[in-house]
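Structural description and commentary
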Amino acid sequence: MKNTLLVAVAALAIALPVTAPVSAQTETPAPSPNEIVNMAAPEEWIEIPAEDLLVMTLAPDADGNERTVVIQLMPAPFSQGWVHNIRLFARSGWYDGISVNRVQDNYVTQWGDPNYDNPEATGEAKPLPEGLKVMGEDEYVSSFRSALPDLETWQRALLNGMIAGGLAPADFAVSTGDWDERFLKDRYAYGTILARGWPLAISREQAIWPVHCYGIVGVGRNYSPDTGSGAELYTVIGHAPRHLDRNIALVGRVISGMEHLSSLPRGSGALGFYTEEEAHKRTPILSVRVAADLPEDERPLFEYLSTEGETFARYAEARANRRDPFFIVPAGGADICNIPVPVRTFEYAVEE
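So, how was this worked out
Residues numbered from 1 in each chain as written. Predicted model: local features only at pLDDT ≥ 70, side-chain atom pairs only at ≥ 80, totals over all residues. Heavy atoms only, no water. Pairing = 2+ DSSP bridges. Helix = DSSP H or I, 4+ residues; strand = E, 2+ residues; numbered from the N terminus. Axes fitted to C-alpha atoms, helices over the stretch in contact; angles between N-to-C directions. Contact = heavy atoms within 4.5 Å. Salt bridge = Lys/Arg side-chain N within 4 Å of Asp/Glu carboxyl O. Buried < 20%, exposed > 50% of the residue type's maximum accessible area, 1.4 Å probe, protein only. Core = buried A, V, L, I, M, F, W, Y, C linked by side-chain atoms within 4.5 Å. Disulfide = S-S within 2.5 Å. Phe/Tyr/Trp six-rings, centres within 6.5 Å; stacked < 30°, edge-to-face > 60°. Lys NZ or Arg CZ within 6 Å of the ring centre and 35° of its normal. Patch = residues over 30% accessible without salt bridge, like charges linked within 9 Å, V, L, I, M, F, W, Y side chains within 5 Å. Areas by Shrake-Rupley, 256 points an atom, 1.4 Å probe, with all protein chains shown as cover. Lys, Arg positive; Asp, Glu negative; His and termini not counted. Charge placed at Lys NZ, Arg CZ, Asp CG, Glu CD. Polar contact = N/O pair within 3.5 Å; in protein donor to acceptor, adjacent residues only side chain to side chain.

1. Observations regarding the sheet that holds strand S7 (residues 191-195)
If you walk across this open sheet you meet the four strands as S6-S9-S8-S7, and the pairing is antiparallel. Looking at the sheet topology across the chains shown, the edges are occupied by strand S6 (142-143) and S7. Here S6 pairs with strand S9 (residues 207-210) via two bridges, running antiparallel. Across the sheet, residue Ser143 finds its bridge partner in S9, namely Ala207.

Dropping the structure here:
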């Protein structure tokens, strides 16, 4: 099965255009990654369903400015038990009135009930809603068959992994046998790929899982075998802590308003929790809503660039080998977290 897939990917790879080396380029400046994204055809953008968006409203800042954070939830088959719980927490109003309780520099911002699993808790925890699911640690990962069921997505995911590694499609075309570690190499997994709009890691045993990149949202938990319910969530605000992969459930990513979570005052308690004396630093969370439950004219509209399209392939290659005027030496590759999937807002066209 692997050999058959590789032959198919090789055929696809040969058909893709390759950006010329620096020495062979004309005087016309190479487009930047953002310029490549801006050239994407409308059909290469995929709308994010309102059911997959959380709208979190923080208390206004010191100047009275409103602060809204939008989170895209992880798609099936990843972390679906926790995603179920998060929607339940939001729809029951449980998240309303909680707060940001931990901000650890270059690591995470974490929010939840200040009296729930918090070293500086001073009161009783809020009762949890009924109907929550309990997940096992085996659910931190999924399988290729369930995550990438169609051959075309398989092909593009493997090709994106190669491009991110800095190789030209022709380099992959000559590969035979097993997966080529030249382009799937990764310190924390057998390899990394970009598929279905997300950065993912893979194992030799055909397991697949989402990875900790900047802005990714995870579930706070206690010591194993606890896997967390979704009552406490965090987002990465520093260098990607990839050592947490497969140790914590990842449930989404911040796609708007990240600045409101990354710029909060740091806590001086253990692991960045606010101490009892720092209670005034906690940022209240006024509400968390599933976008599908909001009035239609209040729902945020977001779409992401398909990772299975040719524009994304060019974008990934440009991120791995920057040739736009500022850069002197192309890097020859890119970390999986340094190829963020483009996300943008949009408006529905009004027919006249």
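2. What about the sheet that holds strand S5 (residues 108-112)?
Strands sit in the order S2-S3-S12-S10-S11-S5-S4-S13 around a closed barrel of eight strands; the barrel is antiparallel. Here the average twist between neighbouring strands, direction ignored, is 35°. Sheet analysis places strand S4 (residues 99-104) next to S5, joined by five bridges and oriented antiparallel. From the neighbouring strand, Val103 faces S5, where its bridge partner is Thr109. Of the strands in this sheet, strand S2 (53-58), strand S3 (67-73), strand S10 (216-219), strand S11 (233-236), strand S12 (250-256) and strand S13 (283-290) are in contact with helix H3 (residues 80-91), which crosses S13 at around 110°.

3. Digging into the pattern of salt bridges
For the structure shown, the criterion picks out 11 salt bridges. When the shortest N-O distance is used, the salt bridge between Asp293 and Arg91 registers 2.7 Å. Residue Asp293 is located in the loop between S13 and strand S14 (302-305), and its partner Arg91 is located in helix H3; the two are separated by 202 residues in the primary sequence. The class for Asp293 is partly exposed, based on a relative accessible area of 42%. Judged by its relative accessible area of 41%, Arg91 falls in the partly exposed class. With a shortest N-O distance of 2.9 Å, Asp324 and Arg322 are connected by a salt bridge.

4. Let's talk about the nonpolar core
Ranked by internal contacts, the top residues of the largest apolar core, which has 83 residues, are Tyr95, Trp111, Leu148 and Ile208. Setting aside residues no more than four positions away along its own chain, Tyr95 makes contact with Ile86, Phe89, Ala90, Gly230, Ala231, Leu233, Ile285 and Val288.

5. Focus on the pairing of S7
The buried fraction of S7 is high, at five of five residues. Burial along S7 is two-sided: Gly191, Ile193 and Ala195 facing one way and Thr192 and Leu194 facing the other are all buried. The antiparallel pairing of S7 with strand S8 (residues 198-202) creates a hairpin that spans two residues between the two strands, and Arg196 there sits at a positive phi of about 55°.

6. Some words on the environment of Asp324
Relative to the helices and strands, Asp324 resides in the loop between helix H9 (310-320) and strand S15 (343-345). For the pair Asp324 and Pro33, spaced 291 residues apart in sequence, the C-alpha to C-alpha distance is 8.6 Å. For Asp324, the residues in contact, after removing those within four places along its chain, are Ala30, Pro31, Ser32 and Pro33.

7. Side note on the state of the cysteines
Per the stated rule, a full pass over the model turns up one disulfide. Sulfur-sulfur distance for the disulfide between Cys213 and Cys337 comes to 2.0 Å. Residues Cys213 and Cys337 are joined through a disulfide that is left-handed, its torsion about the S-S bond being -80°. Taken together, the residues Cys213 in the loop between S9 and S10 and Cys337 in the loop between H9 and S15 connect sequence positions 124 residues apart. Here Cys213 falls in the buried class, since its relative accessible area comes to 6%. Accessibility expressed as a relative area gives 21% for Cys337, which makes it partly exposed.

8. As for the packing of aromatic side chains
All chains considered together, the criterion is met by six aromatic pairs. Seen in terms of ring centroids, Phe89 and Tyr95 are 5.3 Å apart; in terms of plane orientation they differ by 40°. Their pairing is tilted. Comparing Phe89 with Tyr95, the two get one shared label, buried. Considering the side-chain rings of Phe326 and Phe327, the 5.4 Å spacing of their centres and the 85° angle between planes classify their relative orientation as edge-to-face. For Phe327, a relative accessible area of 33% gives the class partly exposed. The ring of Trp94 has Lys126 lying over it, and the distance from NZ or CZ to the ring centre is 5.1 Å. When the ring centre of Trp198 is taken as origin, the NZ or CZ atom of Arg253, which lies over that ring, is 3.8 Å away.

9. Focus: a negative patch on the surface
Residues Asp117, Glu137, Asp138, Glu139 and Asp226 make up a contiguous surface patch of negative charge. Relative to the elements of secondary structure, Asp138 occurs in the loop between S5 and S6. Residue Asp138 is classed as exposed on the basis of its relative accessible area, which comes to 58%.

10. Here's the deal with the side chain of Arg67
Inspection of the secondary structure puts Arg67 in strand S3. Within the local environment of Arg67, its side chain forms a polar contact with the backbone oxygen of Ala59, the two atoms lying 2.8 Å apart. Setting aside anything within four residues of it in sequence, one finds Arg67 in contact with Met56, Thr57, Leu58, Ala59, Pro60, Asp61, His260, Leu264 and Thr283.

11. A few points about the pairing of S13
Of the pairings in the sheet, the one linking S2 to S13 comprises five bridges and is antiparallel in character. By the bridge assignment, Leu58 is partnered in S13 with Ile285. Inspection of the sheet shows S4 paired to S13 by two bridges, in the antiparallel sense. If you follow Val100 over to S13, its bridge partner there is Thr283.

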